[in-house]
Amino acid sequence: MIGFLRGQVMALKTDYCLLDVNGVGYRVFVAGSTRNKLRLKDEASLYTYMNVYQDGITLYGFATEEEYDVFQLLIGVSGIGPKVALGILSGITVEGLCKAIQNKQATVLTKLPGIGKKSAERLILELKDKVGFAAGAGTEEILTLDMEGPVGDDIISEAQAALMALGYSQAEITPVLKKATKCKSTEEIIKLALKELNRF
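Residues numbered from 1 in each chain as written. Predicted model: local features only at pLDDT ≥ 70, side-chain atom pairs only at ≥ 80, totals over all residues. Heavy atoms only, no water.

S.K.: An account of unusual backbone geometry is needed here, citing residue identities and associated values.
M.R.: A positive phi angle, close to 75 degrees, is found at K41, a residue other than glycine. Secondary-structure assignment places K41 in the loop between α1 (32-35) and β4 (43-53). One non-glycine residue, K104, lies in the positive phi region at around 55 degrees. Assignment of secondary structure puts K104 in the loop between α4 (94-102) and α5 (106-109). (Helix = DSSP H or I, 4+ residues; strand = E, 2+ residues; numbered from the N terminus.)

Below is the structure:
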């Protein structure tokens, strides 16, 4: 199991980086918070989680041990896979997430990609006794998503997760989803979003 990597950042993409570790290039998927701390050609150290599945192996990397630990808790929740967990950490800080869970703020959690009402309730139920947060900052100040409309609907959350999986950034997706509040299905939202995103 690969638990830690240190090497030179050779490429920075929307949701992953390429890390040169002694001549071996590792593709490591990262949350937005970690990606923002990486600099092309600089040396970086990442805590890693190796996900082994039927079709291959995927590495997920984290700039801090705290973020890594929360990721581990998230994927332990029924229905939350590594990609969704990474999307969650891209949309909210560790402190904000922990505070929302402890305060049972489901409306905050449903603003995160891939999280609908039922998933938010599971997160609260299964993690409220396992997480802590630093006092002082309010969740509304920590949440990094800026969404309008019925973002708590499962179809919007599913569409957001699907678009992020296709490689679009949160900054690209957010304004498009604001135009899709009248859509009635995930497929309809994705179709509209892709049309908007590919206009230029």
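Moving on from the model shown.
S.K.: Lay out the sheet that holds strand β2 (residues 16-21) with the relevant residues and their values.
M.R.: Around the barrel, five strands lie side by side as β1-β2-β3-β5-β4; this closed barrel has mixed pairing. If you compare each strand with its neighbour and ignore which way they point, the axes differ by 55 degrees on average. Inspection of the sheet shows strand β1 (residues 4-12) paired to β2 by four bridges, in the antiparallel sense. Along β2, the bridge assignment pairs L12 with C17. Set on the sheet, helix α2 (residues 65-75) makes contact with β4 and β5 (56-62); between it and β4 the angle comes to about 15 degrees. (Pairing = 2+ DSSP bridges. Axes fitted to C-alpha atoms, helices over the stretch in contact; angles between N-to-C directions. Contact = heavy atoms within 4.5 Å.)

S.K.: If you had to explain the nonpolar core to someone new, which residues and values would you point to?
M.R.: In terms of nonpolar packing, the biggest core is built from 29 residues, with L74, L89, L97, L109 and L123 touching the most fellow members. If you list the elements that add at least two residues to this core, you get β5, α2, α3 (82-91), α4, α5 and α6 (117-127). It is α4 that provides the largest number of residues to this core, a total of five residues. For L97, the residues in contact, after removing those within four places along its chain, are V70, L74, I88, L89, I92, L109 and L112. The next biggest cluster of nonpolar side chains, apart from the first, holds 14 residues, and it includes L177, C183, I190 and L197. (Core = buried A, V, L, I, M, F, W, Y, C linked by side-chain atoms within 4.5 Å. Buried < 20%, exposed > 50% of the residue type's maximum accessible area, 1.4 Å probe, protein only.)

S.K.: Requested: an account of the packing of aromatic side chains, with residues and values cited.
M.R.: When we look at a pair of aromatic rings, we describe it by the centre distance and by the angle of the planes. Scanning all chains against the criterion turns up seven aromatic pairs. When the centroid spacing of 4.7 Å and the interplanar angle of 45 degrees are considered together, the rings of F62 and F71 count as tilted. Put simply, the rings of Y16, F29, Y49, Y60, F62, Y68 and F71 pair up and form one aromatic cluster. A cation sits over an aromatic face here: R27 above Y16, 4.8 Å from the ring centre. (Phe/Tyr/Trp six-rings, centres within 6.5 Å; stacked < 30°, edge-to-face > 60°. Lys NZ or Arg CZ within 6 Å of the ring centre and 35° of its normal.)

S.K.: I'd love a proper account of the environment of V30, names of residues and values included.
M.R.: On the secondary structure map, V30 appears in strand β3 (residues 24-30). Distance from V30 to L89, taken between C-alpha atoms, is 9.2 Å for residues 59 residues apart in sequence. The contact partners of V30, leaving out residues within four places of it in the chain, are D15, Y16, C17, R35, L46, G61 and L86.

S.K.: Could you give an account of the pairing of β1, naming the residues involved and the relevant values?
M.R.: Judged from the five bridges that link them, β1 and β4 form a sheet pairing that is antiparallel. Of the residues in β4, the one forming a bridge with F4 is Y47. A loop of three residues connects β1 with β2, the two strands running antiparallel in sequence.

The quantities given are spatial measurements derived from coordinates; they are silent on function.
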